[in-house]
Amino acid sequence: RKDIFAIFLSKKGQIKRTPLDEFERASRNRPTKCMRLNNDDELVDVKLSTGDANVIVFSEQGNFTMFNENDLLPLSTKASGVKAMANFKNQKAVGLYVVQKDEHDKIVLITDKGCERIFDTNKAILTPRLGKVQNAFPCFKSDVHKLVKVLKAVQNEEQGMDVILYNQEIEP
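Residues numbered from 1 in each chain as written. Predicted model: local features only at pLDDT ≥ 70, side-chain atom pairs only at ≥ 80, totals over all residues. Heavy atoms only, no water.

Participant: Just checking my understanding: could you explain the packing of aromatic side chains for this structure?
Facilitator: How two aromatic rings sit relative to each other is given by the distance of their centres and the angle of their planes. Evaluation of the coordinates by the stated rule reveals 3 aromatic pairs. Centroid distance phenylalanine 58 to phenylalanine 119: 5.8 Å. Interplanar angle 85°. Geometry classified as edge-to-face. Of the two residues, phenylalanine 58 sits in strand E4 (residues 54–59) while phenylalanine 119 sits in strand E9 (residues 116–120), which places them 61 residues apart along the sequence. Of the two residues, phenylalanine 58 and phenylalanine 119, both sit in the buried class. Here a set of aromatic residues connected by ring pairs shows up, and it is made of Phe58, Phe64 and Phe119. Over the ring of phenylalanine 5 we find arginine 17; its NZ or CZ atom is 4.2 Å from the centre of that ring. (Phe/Tyr/Trp six-rings, centres within 6.5 Å; stacked < 30°, edge-to-face > 60°. Helix = DSSP H or I, 4+ residues; strand = E, 2+ residues; numbered from the N terminus. Buried < 20%, exposed > 50% of the residue type's maximum accessible area, 1.4 Å probe, protein only. Lys NZ or Arg CZ within 6 Å of the ring centre and 35° of its normal.)

Written out as structure tokens, the structure reads:
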């Protein structure tokens, strides 16, 4: 399908969007390179999107930016990405989250010190790709927490508790 995309995020903050049909044309005999990375960079997250969703990119310092995925031009599997977030100096990207238009999700942010915060995507401001960086969780300079994982939270109606899903998927 031409309306499903894979969005790739690297540790150094490079992001790219590739149509899934690019991977169907690839040879099945050997692995296909999906994103060109610098020597000291690595892939940290991949999500599927429907072609008109909003993308949230989180850094380990708890900063994030939310923009529409159409701000990313579709690129081939051989291309590298573009900068995901403004003012990304000395930061590492840790996660990517895709929110469908007119939907609002809750995300669980987990830090290196074992703390968590429920983040409501309703409170995120939609900006251009290199627009204003927002803060997902404030912390004191004397007690710095680094974000390590971004998970989707789902309300379980029967038990009245939050259930954490480790993979975010969309239906084809």
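Now that the structure has been shown, the text picks up again.
Participant: Looking at this structure, I do not really get the sheet that holds strand E10 (residues 134–135). What am I missing?
Facilitator: Whether parallel or antiparallel, the strands of a sheet pair through hydrogen bonds between backbone atoms. The strand order across the open sheet built from 4 strands is E7-E4-E5-E10, with neighbouring strands paired in antiparallel fashion. Among the strands making up the open sheet, the edge pair consists of strand E7 (93–99) and E10. (Pairing = 2+ DSSP bridges.)

Participant: Help me understand the sheet that holds strand E1 (residues 5–10) in this model?
Facilitator: Taken together, the 4 strands give an open sheet; going across it, the order is E3-E1-E2-E6, and neighbouring strands pair in antiparallel fashion. With partners counted over all chains shown, the strands left at the sheet margins are strand E3 (43–49) and strand E6 (82–83), one partner each.

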